[in-house]
Amino acid sequence: MTAALSNKIANIVSGSLIALVNISVAVSVAALLFAQTDPRLMVPGIAILLVGTLVTGLGGTLFSDFNAVICSPRNGLVPVFAVMVTTIYASFGNEYSIGAEATIIVAIMVATLVTGLFLLLLGRLKLGNLVRYIPYPVTGGFFAGIGYIFVEGGLTVASGAEPTLGSFTDSGFIQLVTPAVVLALCLIIGKLFRDNRLSVPGILLASLLIFYGVLMLAGISREEAAESGLLPTIQSTGALVPVFHLDYLQQVNWVAISDQLSGIVVVALLCSMMLLLDVSGIELIARKDLNPDHELQVMGYTNMVNSLVGGFPGVHDASDTALVDRLGGKDRLTGLVYSVLVAAAILAGAGFMELVPTFILGGLLIYVGLEFLIDWLWKARDELPLSDYVVVILILVVIIFSDILQGVTFGFFVAIILFVINYSQLSVIKIETNGSDHASNVDRDLETRELLNKEGKRVLILILQGFIFFGTADKLITAIRTRIMDRKDSHFDFLVLDFHHVSQLDTSAIVTFSKLAQLSEQVGFHIVISGADDKSIKQLVKHRFFTFGEHRWERHYKGQVEIAVDWCEQRILEDLNRADEEYRLELADVLRRIAYAEEDIHDLADYFVVEKRQAGDYLFHEGDKGESLYFVGAGTAVVVLDIPNQREQILRKYKAGAILGEMAIYTGENRTASVRIEKEATLFRLDKEAMDAMSRKFPASTAGLHTYIVKVMSERLGRANRNLSRYI
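This structure is a prediction, so every number in the text was calculated from the model and none was measured.

*Asks:* Please set out empty space enclosed by the protein residue by residue, giving values where relevant.
*Replies:* Under the definition given, this model contains two cavities of 30 Å³ or more. Volume-wise, the largest cavity comes out at about 90 Å³. Of all the secondary-structure elements, those providing two or more residues to the lining of the largest cavity are strand 4 (442-443), helix 17 (446-455) and helix 27 (699-725). For the lining of the largest cavity, the leading source of residues is helix 27, giving five residues. Residues belonging to the lining of the largest cavity are distributed by class as follows: six nonpolar, one polar and six charged. A volume near 40 Å³ is recorded for the second largest cavity. Around the second largest cavity, the lining residues are G435, R449, L452, E455, G456, V459, E569 and I572. For the lining of the second largest cavity, the secondary structure elements donating two or more residues are helix 17 and helix 22 (561-575).

*Asks:* Help me get a handle on the sheet that holds strand 5 (residues 459-468), residues and values and all.
*Replies:* Backbone-to-backbone hydrogen bonds join strands into a sheet, with any given pair of strands oriented parallel or antiparallel. Spatially, the five strands line up as an open sheet ordered 3-5-6-7-8, and their pairing is mixed. If you trace the sheet from one side to the other, it starts and ends with strand 3 (429-434) and strand 8 (555-558), each paired once. This sheet shows a mean twist of 20° between the axes of neighbouring strands, independent of strand direction. Pairing of strand 6 (residues 494-505) with strand 7 (residues 526-530), which is carried by five bridges, proceeds in the parallel orientation. Within strand 7, the residue paired with L495 across the bridge is I527. Of the strands in this sheet, strand 3, strand 5 and strand 6 are in contact with helix 18 (residues 470-485), which crosses strand 5 at around 165°.

*Asks:* Could you give an account of the pattern of salt bridges, with specific residues and numbers?
*Replies:* Counting across every chain of the model gives 29 salt bridges. The salt bridge partner of D325 is K330, with a shortest N-O separation of 2.7 Å. D445 is the salt-bridge partner of R578, the closest N and O atoms lying 4.0 Å from each other. Placement of the pair is R578 in the loop between helix 22 and helix 23 (587-594) and D445 in the loop between strand 4 and helix 17, with a sequence separation of 133 residues.

*Asks:* Which residues make up the nonpolar core, and what values do they have?
*Replies:* Within the largest apolar cluster, 127 residues are counted, with the highest numbers of intra-cluster contacts made by F34, L50 and F81. Among the elements that make up this core, the one with the highest residue count is helix 1 (residues 3-35) (15 residues). Residue contacts for F34: discarding those within four places in its chain leaves L41, M42, G45, I48, L49, V85, I104 and I108. If you look at the next biggest cluster of nonpolar residues, it comprises 32 residues, including L462, F492, L519 and F525.

Reading the values: the criteria
- Residues numbered from 1 in each chain as written.
- Predicted model: local features only at pLDDT ≥ 70, side-chain atom pairs only at ≥ 80, totals over all residues.
- Heavy atoms only, no water.
- 1 Å grid on protein atoms, 1.4 Å probe; cavity = no way out; pocket = protein on both sides within 12 Å on 5 of 7 lines; lining within 4 Å.
- Points joined across faces, edges and corners; volume = space filled by probe spheres on them.
- Helix = DSSP H or I, 4+ residues; strand = E, 2+ residues; numbered from the N terminus.
- Nonpolar A, V, L, I, M, F, W, Y, C, P; charged D, E, K, R; others polar.
- Pairing = 2+ DSSP bridges.
- Axes fitted to C-alpha atoms, helices over the stretch in contact; angles between N-to-C directions.
- Contact = heavy atoms within 4.5 Å.
- Salt bridge = Lys/Arg side-chain N within 4 Å of Asp/Glu carboxyl O.
- Core = buried A, V, L, I, M, F, W, Y, C linked by side-chain atoms within 4.5 Å.
- Buried < 20%, exposed > 50% of the residue type's maximum accessible area, 1.4 Å probe, protein only.

Below, the structure is given as structure tokens:
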């Protein structure tokens, strides 16, 4: 047998088996969803499920990026539709009529259409990942609730009556449900075997043969079996299509359908959630990445067509796709065979459904329900954190005693509370440092820098992160209070709060920051905020957080943390009577720091050029040859970097006593940035040729120059290392 022929046979077999399984499940779901409301709804219910199976299966097969994908109506939607069907039926006085049937069918068609439009919109807007933000325990609780509903529905289908506690003492009830429960357990046990590809279809076929074998041996006719509840009774048989007749349209109760708007929205959301979760699972099967937005669009268009023919909404099914893959189905032939067999079942009409024993219909529902419960109650106990697992249990309890929508709503509420509590435990303080380790981007003379390093403990710098709301903001205030109480070791007069890594600041946090403003007045410290977005700044201004004008304890905003620290350094220097604006150096002051002897100062001055520069002048530009170094005597120079299509960036500032341009003297490389005068400045330039001449005549003083430069660079490096250690 050739490989091509072998592959075709594998595709045909896998498509056939999954079709038989899904046809059986569709009949079981129809019995649960429609026949329990009114047996006369069984036939249109089967039609709706099978048409949905055909259309979604064919759409996925033809247009999905994965050739062997299986798409079908999802069992997770049944609880929502059960509420919809029973509510609409109740609006007709719980009595069957063509109007009731037509309204139920149109409601499902509308739900399928809205689902298709929603999936298409998500795909077109490339918003597929947004739906994945649904809390995982809410998803788990929802599926666990579905499991309970399916088990209860399976018992109802198998026994013909809704189970109660008293039912379990009724011998007739036990006699009817026991085979269904045994079948469900056999299906679960069958999946435990390593090679379980044929377990489900094999067990179903064996159950069918055993059932009819027992009937034949016992001499029980099909009519007698139906009367005793062993076979379903379908009150009308015949063609399943068309699902909806146009002459029904005038009998549709549109008000009853509009009342189901919330349920229809839930169906659309659930379909999108299930699709994206299963696409993730199918990616593992396919061993390649799929485009979730493309898959959303495929199922969007498919469900829009599906709605026109009265089908149940459907999306990708990872478990069915995995089964097909294990059976050898690898290309679109699998889906085509699957669709052809479903179409054959539709054309065969509802008569053959009377041949399927009720215990198989009920057993399939119980099996599906137990699968959900095993996954989300048994396996999840080791996979989920305790808090998340408790949420799953609580949702299940609410669903048992109320309904699916209230259970999910309750789950969202609990999940949000847990999120707030857990997120509040995270520290919003990304890095804590001080003015000694995290200095500003302003270079001053070495003596001033060492003085600022000594006084740096007076500046507490907190780099904040994440989303700041009432919980985390209160924790921040508590952390600051703790440091205030421990003032012996962490006395500070300046608090810098950097918001560069903060994603958002909510209104409740703004109120908490008002308390911080009061604390600064009471205890006595300045506050500087940096890096915040415009919205946060406006909110802080609105709540009068910042001070304007003269205040003893000031609260300001600066664009960058380095600028905020510079403001603190300037205040410290003012306290020490060394304000930047008043601090000036003459050439003799600079030379005194490097000269080997006092008498050399006058001669060394001949090697330096005194330059007076105006604001806006450039000392040099990026790419210029590095032939000089400069000492700043007065004023301010800034290092600027020009970035194409962006505003220039100021990298550093140099004030009186600072040295700049020294690296190019040693490396011989071109200038890596431009230097511009920001405030009228006096500079002392030493050219490389002059430095070489000075080294020959005054080697000791030239060595003193080199030593001074090394000290400056060592101080910068030591400060950078201390600051870096805060990030590790």
